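# Understanding the architecture of this molecule
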Amino acid sequence: MSDTRQRLKEIPGMDIILNYDWVQTWSEKIGRIRIKRIINQELNEIRKSILNDENFEFNAETFKNSCLNSFVFASRPNLKRVINATGVVIHTNLGRSLIAPEAVKAMSEIALCYSNLEYDLKAGTRGQRNSLIEDLLCSITGAEAAFVVNNNAGAVMLCLAALAKNSEVVMSRGELVEIGGSFRIPDIMELSGAKLIECGTTNRTHLYDYERAITENTKMLLKIHPSNFRIEGFTTSPERRDLAKLSRDKNLIFMEDAGSGLLVDGEIINLPSNSNEITIKSCLEHGADIVTFSGDKILGGPQIGGIVGKKILIDKIKKYPMARALRVDKVTMAGFEATLRLYAQGRYDEIPTLRMLRLSSDFMKDKAVELAEKLSHKINAEIRVLPVEDAAGGGSCPEIKLDGFGVSIKHKNFGAGYVQKLLRGLEVPILCGAREDEIVLHVRTLQKTDYDVVINSLEKILNA
Ligand SMILES: *Cc1c(COP(=O)(O)O)cnc(C)c1O
């Protein structure tokens, strides 16, 4: 016991530690308060070790190295660039869509300057931020009116609350989806105050199922795009046009949550003709009264939730108090507007998500060959180019597998899992695929500036 007390006494006090030269240097870089916090955590670990292990003693050198490691880590941003070599274009865990350079320019200008976010320059009076994008969104989708909120989950909740609170909303059991763990339609429905009425079965729902579920309390028919799953085999669901007609006949609202936000014809991004994906414009043409979608999935813009449709309904949605809680920030607004302008001009290859979906096989093969070649000069491992399966990903087009190219690297001593771990620990972390004992770099999702970083990092790690 007295020995434990003696070992605890050997730990220097905070005041002394804060005066060490190496601590002072870092204190300027990350701030005194955070330095103290980190040192405290380090000291707590040491005290715990002393109490739990009778052979453990304070060691100044070990303490210093451990602190320095923590300081370096604390000095780097928590949210940082990573390199996506997974071939999954819209990767929800990696920030979904990259934003077009032109949109980034607009975002940075609006962030750095005052703007007419809510000021009508013509009239010299207060304006509406939504008016900045409404006309563009209407001209691209053919809608009568449009509104944007923070994200699609918010858009769905707002529409349900504004249009169907305390009323029944009928939807198919085949569409009761959970997206990304936190967006569950039944939960969103409950939060909105609308009452969910399920009809049909998981694999088959007929028009008469909807018809029978309608009561005098029904306000809406809701269709949800099965963004991240697909039921295969014996399935049926009514055509949009038929749902729209039923809804008109019964004086209901027909709303669709389209999920990914396709603004261009499928061929433009090489979707197969039998794909389930449908443009926002077609949803409206087929009779949907309200359509919601994400801004950062296949649309390829910043995170927003788009709402388009009938003016009379959009007006109600805009005025609903919940809209204020979901409003879009000015920087996002600038980026979204700039992205829509690229659409209006048909400049699809300047929208990174669309560009990566459209890449040709030849282009990716050339990129893979070039990367493999450069790597083989730098690292001692088995390197080859191979065809790979990429994906659109991120709650869009689950059925669509994209053919891509990759570079596999097999190190004679390091297993794939170990190399992946090393790559994740880099200052610019690299995420990639793996198969058996080789890692696979998918080139589809590599950006121009990624290649040198990938080559240098792999050289550093694998030749170490
Ligand atoms: C992704 C998705 C959502 C959620 O959209 P966020 O923009 O992530 O809030 C809702 N519905 C469908 C069908 C989706 O695919």
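This text gives an overview of the structure that appears in the document. (Residues numbered from 1 in each chain as written. Predicted model: local features only at pLDDT ≥ 70, side-chain atom pairs only at ≥ 80, totals over all residues. Heavy atoms only, no water.)

### Observations concerning empty space enclosed by the protein
In total, this model carries one cavity of 30 Å³ or more according to the counting rule given. The space that makes up the largest cavity amounts to roughly 40 Å³. (1 Å grid on protein atoms, 1.4 Å probe; cavity = no way out; pocket = protein on both sides within 12 Å on 5 of 7 lines; lining within 4 Å. Points joined across faces, edges and corners; volume = space filled by probe spheres on them.)

### With respect to the nonpolar core
By size, the foremost hydrophobic cluster in this structure holds 57 residues, and its most contacted members are L137, L221, V308 and Y343. It is helix α15 (residues 330-344) that contributes the most residues to this core, six residues altogether. In this structure, this core is formed jointly by two domains, domain 2 (83-91 + 355-462) and domain 3 (101-350), each of which donates at least three residues. The residues contacting L221, other than those within four sequence positions of it, are V170, Y210, I214, L243, L246, S247, L252, I253, F254 and M255. One finds F183, I188, L222 and I224 within the second-largest nonpolar core, a separate group that totals 32 residues. (Core = buried A, V, L, I, M, F, W, Y, C linked by side-chain atoms within 4.5 Å. Buried < 20%, exposed > 50% of the residue type's maximum accessible area, 1.4 Å probe, protein only. Helix = DSSP H or I, 4+ residues; strand = E, 2+ residues; numbered from the N terminus. Domains from an automatic or database assignment. Contact = heavy atoms within 4.5 Å.)

### Some details on the packing of helix α3 (residues 21-30) against helix α5 (residues 60-75)
Two quantities define a packed helix pair, namely the angle between the axes and the distance from one axis to the other. Their axes nearest at 10 Å, the elements α3 and α5 cross at an angle of 15 degrees. Taken together, the axes of α3 and α5 lie roughly parallel to each other. For the crossing formed where α3 meets α5, the hand is left-handed. Counting all contacts with α3, which are made through W22, W26 and I30, the residues of α5 involved are F63, K64, C67, L68, F71, V72, A74 and S75. Here the contact of α3 with α5 is built from residues that sort into nine nonpolar, one polar and one charged. (Axes fitted to C-alpha atoms, helices over the stretch in contact; angles between N-to-C directions. Parallel < 35°, antiparallel > 145°, perpendicular 65-115°, else oblique. Left-handed = near helix turned anticlockwise from the far one by under 90°. Nonpolar A, V, L, I, M, F, W, Y, C, P; charged D, E, K, R; others polar.)

### Examining helix α13 (residues 311-319)
Taken as a whole, α13 has its buried residues at L313, I314 and I317. One side of α13 carries all its buried residues, which in axial view fall inside an arc of 100 degrees. Residues I312 and K319 are exposed on α13 and point more than 90 degrees away from its buried face. Contacts made by the buried residues of α13 are with β4 (145-149), α8 (152-164), β10 (253-259), β11 (290-294), β12 (305-309) and α14 (322-325). (Arc of directions from axis to C-beta.)

### Description of the packing of helix α17 (residues 361-378) against helix α19 (residues 450-462)
Their axes nearest at 10 Å, the elements α17 and α19 cross at an angle of 30 degrees. Between α17 and α19, the angle falls in the class roughly parallel. Note that α17 runs across α19; the crossing there is right-handed. Note on element contacts: α19 touches α17 through Y451, I455, N456, L458 and E459, opposite K367, L371, K374, L375 and K378.

### Comments concerning the sheet that holds strand β9 (residues 218-224)
Spatially, the seven strands line up as an open sheet ordered β4-β12-β11-β10-β9-β5-β8, and their pairing is mixed. Each edge of the open sheet carries a strand with a single partner, namely β4 and β8 (195-199). Neighbour-to-neighbour, the strand axes of the sheet open up by a mean angle of 25 degrees, direction not taken into account. Bridge count between β10 and β11: four bridges; the pairing is parallel. Along β11, the bridge assignment pairs D257 with T292. Helix α7 (residues 131-141) contacts β4, β11 and β12 of the sheet and is inclined by roughly 120 degrees relative to β4. (Pairing = 2+ DSSP bridges.)

No statement about biological role is implied by the geometric values presented.
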